[in-house]
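# Overview (structure and organization)
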Amino acid sequence: MAKHLSQLIVTGLRHGALLLCCCLPASVALAEIMADPTRPPGALDSAYGAVDAGPVLQSVLIGPGRAEAIISGRTVRLGEQFGDARVIKITDAEVVLRNGSEVQTLKLFPSIEKLPASSRVSNKPALRGQEK
């Protein structure tokens, strides 16, 4: 009985090892396909192989007597140099850099376009019984 039990244990271990060997590569491959939800956008993180497309505005810090921005990981203040350019304007959503006669605007959210209130489409639901 003991011999049969030991053979059963050895067989179980072999099957377990075989199952582990089969499943491990599949789980690694699946992990490579899944996107990390905490990963910063590609333009902000060169560690993931992103191409450097120039300066990127990452944050703006504005308060009483304080106007700072973080551009490509470096904190700059109004009037300071960033590379060859000078910071000439900091607002809550953008930073303007001047390099000689060239002016470059860095937006905090470049894919979002701000529209004046009059051109916005109303997305309020209509009340019952009222026609648009």
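So, here is what we can say about the structure in this document. (Residues numbered from 1 in each chain as written. Predicted model: local features only at pLDDT ≥ 70, side-chain atom pairs only at ≥ 80, totals over all residues. Heavy atoms only, no water.)

### Quick word on the overall build of the protein
Keep this limit in mind: Helix and strand definitions follow DSSP, with helices as H or I runs of at least four residues and strands as E runs of at least two, each counted in order from the N terminus. Buried means the residue's accessible area, taken with a 1.4 Å probe over protein chains only, is under 20% of the maximum for its type, while exposed means over 50%, and partly exposed covers the values in between. In this description, contact between two residues means that some pair of their heavy atoms is separated by no more than 4.5 Å. Calculation of accessible area relied on Shrake-Rupley with a 1.4 Å probe; when residues are assessed, cover is drawn exclusively from the protein chains displayed.
A tally of regular secondary structure across the protein gives 1 helix and 7 strands. Counting helices and strands in the order they occur from the N terminus, the protein gives α-β-β-β-β-β-β-β. Here the protein, with 132 residues, has 14% of them falling under the buried criterion. Sequence-distant contacts in the protein: of pairs separated by 6 or more residues, those separated by 24 or more amount to 20%. When the accessible surface of the protein is summed, it comes to about 11000 Å², and 60% of that surface belongs to carbon and sulfur atoms.

### A short note on the pairing of strand β5 (residues 85-90)
Looking along a regular strand, one sees the side chains alternate between the two faces of the sheet. Defined as follows: A pair of strands is labelled paired if DSSP reports no fewer than 2 bridges between them.
The sheet contact formed by strand β4 (residues 81-82) and β5 spans 2 bridges and is antiparallel. Paired with F82 across the two strands is A85, which belongs to β5. Hairpin connection between β4 and β5: a loop of 2 residues separates the two successive antiparallel strands, and G83 in this loop has a positive phi of roughly 65°. Between β5 and strand β6 (residues 94-99), which pair antiparallel in sequence order, lie 3 residues.

### Considering the layout of surface pockets
We count it as follows: Here a cavity denotes a set of grid points, spaced 1 Å apart and computed over the protein atoms alone, in which a 1.4 Å probe fits but from which it cannot get out, and a pocket denotes an open set meeting protein on both sides within 12 Å along at least five of seven lines; residues with an atom within 4 Å of a point are reported as lining. Grid points are joined across faces, edges and corners, and a volume is the space filled by probe spheres set on the points. Amino acids outside the nonpolar list (Ala, Val, Leu, Ile, Met, Phe, Trp, Tyr, Cys, Pro) and the charged list (Asp, Glu, Lys, Arg) are all regarded as polar, and Gly is one of them.
There is about 190 Å³ of room inside the second largest pocket. Looking at the second largest pocket, the residues that line it are D92, A93, E94, K107, L108, F109, I112, E113 and K114. Residue composition of the lining of the second largest pocket, grouped by class: 4 nonpolar, no polar and 5 charged.

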